[in-house]
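A look at the structure
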Amino acid sequence: MTKSHSLTADNKPTLFSFDIETVYKSIERWVYDNKRYSKRDLETDANLLRQVAKDFIDVIETGILTDKQLDNFINAIEIGASGIWEPTTTKLQLLSYHFDNAKFRLIELIKTANSQTIERLLNCISDNLTIAELTELFIFTFKSKSKKIRIKTANIALDTRDERLVPLLQKELNEQSDSKIKEAIQFAINNMHQPKGELTF
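What comes next is a walk through the structure. Keep in mind it's a predicted model, so treat the numbers as computed, not measured. (Residues numbered from 1 in each chain as written. Predicted model: local features only at pLDDT ≥ 70, side-chain atom pairs only at ≥ 80, totals over all residues. Heavy atoms only, no water.)

Glancing now at the overall build of the protein. In terms of regular secondary structure, the protein is built from 10 helices and two strands. Counting from the amino terminus, helix and strand elements in the protein follow one another as β-β-α-α-α-α-α-α-α-α-α-α. Computed over C-alpha atoms, the radius of gyration of the protein comes to 18 Å, within 12% of the 17 Å expected from 2.2 N^0.38 for 201 residues, which places it in the range of a compact globule. Summarising its shape, the C-alpha atoms of the protein cover approximately 55 × 45 × 35 Å along the three principal directions. Across the 201 residues in the protein, those meeting the buried criterion constitute 45%. In the protein, the proportion of contacts linking residues at least 24 apart, taken out of those at least 6 apart, comes to 59%. Separation of charge centres in the protein, based on 28 positive and 29 negative side chains, amounts to 5 Å. (Helix = DSSP H or I, 4+ residues; strand = E, 2+ residues; numbered from the N terminus. Rg over C-alpha atoms; globule rule 2.2 N^0.38 Å. Buried < 20%, exposed > 50% of the residue type's maximum accessible area, 1.4 Å probe, protein only. Contact = heavy atoms within 4.5 Å. Lys, Arg positive; Asp, Glu negative; His and termini not counted. Charge placed at Lys NZ, Arg CZ, Asp CG, Glu CD.)

In structure tokens:
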């Protein structure tokens, strides 16, 4: 019988995983099914996913997130190819609701990492951060040399649906010069009132 693992806490999303054997089998299928057509280092892909899966289950079972486990999540986000870093950012986002060390490490890395890693880590941002933390981070990322990061900042701000961010967005709308960035910011301002997870036109 398949075993599952879960960790619940008030007002926080549940951490959930199937048992390690089931997850490993899923990883094997995803990584190796198309090995004849892939030019990727499939063993590295599989090892990154296995480590993330093992650490996630260990965290759920112990209720503790160690620095080493956190390093493994960050490593998978930094060096993982598509299909690896995306699910890892989802896990890190969930962990940041439950563990302050995950949240604080996330904030620190967004301020210090390279552009590719910052763009990936922005997927971890949600209402698990305070308005002060969100404002501080978005002020920083709106100053990025990367157009992608600045557009993504506007999109992530919209995802939070926190209307307290509108003054910051208005300020950036006036200060940004690129038309695509301004368009993304204006879209965020116009739709911040909509229910979280929904966009209707």
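Taking 1.5 Å per residue, 14 residues should reach 20 Å; helix α8 (residues 147-160) reaches 20 Å between its end C-alpha atoms and fits that length. Looking at α8, one finds that the buried residues are I149, R150, K152, T153, A154, I156, A157, L158 and T160. Taken together, the buried residues of α8 touch α6 (115-121), α7 (131-141), α9 (166-175) and α10 (179-191). Where α8 begins, one side-chain oxygen reaches toward the backbone nitrogen of K148, 3.3 Å away; that side chain belongs to S146. Immediately beyond the C-terminal end of α8, within one or two residues, lies R161, with a positive phi of roughly 55°. (Expected span 1.5 Å × (residues − 1). Polar contact = N/O pair within 3.5 Å; in protein donor to acceptor, adjacent residues only side chain to side chain.)

Time to look at a nonpolar patch on the surface. On the surface, F187, L199 and F201 cluster together into a nonpolar patch covering about 340 Å² of accessible area. Secondary-structure assignment places L199 in the segment after α10. (Patch = residues over 30% accessible without salt bridge, like charges linked within 9 Å, V, L, I, M, F, W, Y side chains within 5 Å. Areas by Shrake-Rupley, 256 points an atom, 1.4 Å probe, with all protein chains shown as cover. Salt bridge = Lys/Arg side-chain N within 4 Å of Asp/Glu carboxyl O.)

We now examine the environment of D178. Along the polypeptide, D178 turns up in the loop between α9 and α10. Among the residues examined, D178 registers a relative accessible area of 23% and is labelled partly exposed. For D178, the side chain forms a polar contact with the main-chain nitrogen of K180, separated by 2.8 Å. Here the side chain of D178 touches I181 through a polar contact of 3.2 Å, landing on its backbone nitrogen.

For the rest of this paragraph, the subject is the pairing of strand β2 (residues 12-18). One ladder, built from five bridges, connects strand β1 (residues 4-9) with β2; its direction is antiparallel. Within β2, the residue paired with S6 across the bridge is F16. Between β1 and the antiparallel strand that follows it, β2, lie two residues; N11 among them carries a positive phi value of about 60°. (Pairing = 2+ DSSP bridges.)

Tallying each qualifying case throughout the model produces 11 salt bridges. For E175, the salt bridge is made with K171, and the minimal N-O distance between the two is 2.9 Å. Separated by four residues within a single helix, E175 and K171 lie in helix α9, roughly one turn from each other. Look at the salt bridges and you will find they share partners, linking E28, E43 and R50 into a network.

These values are about where atoms sit, not about what they do.
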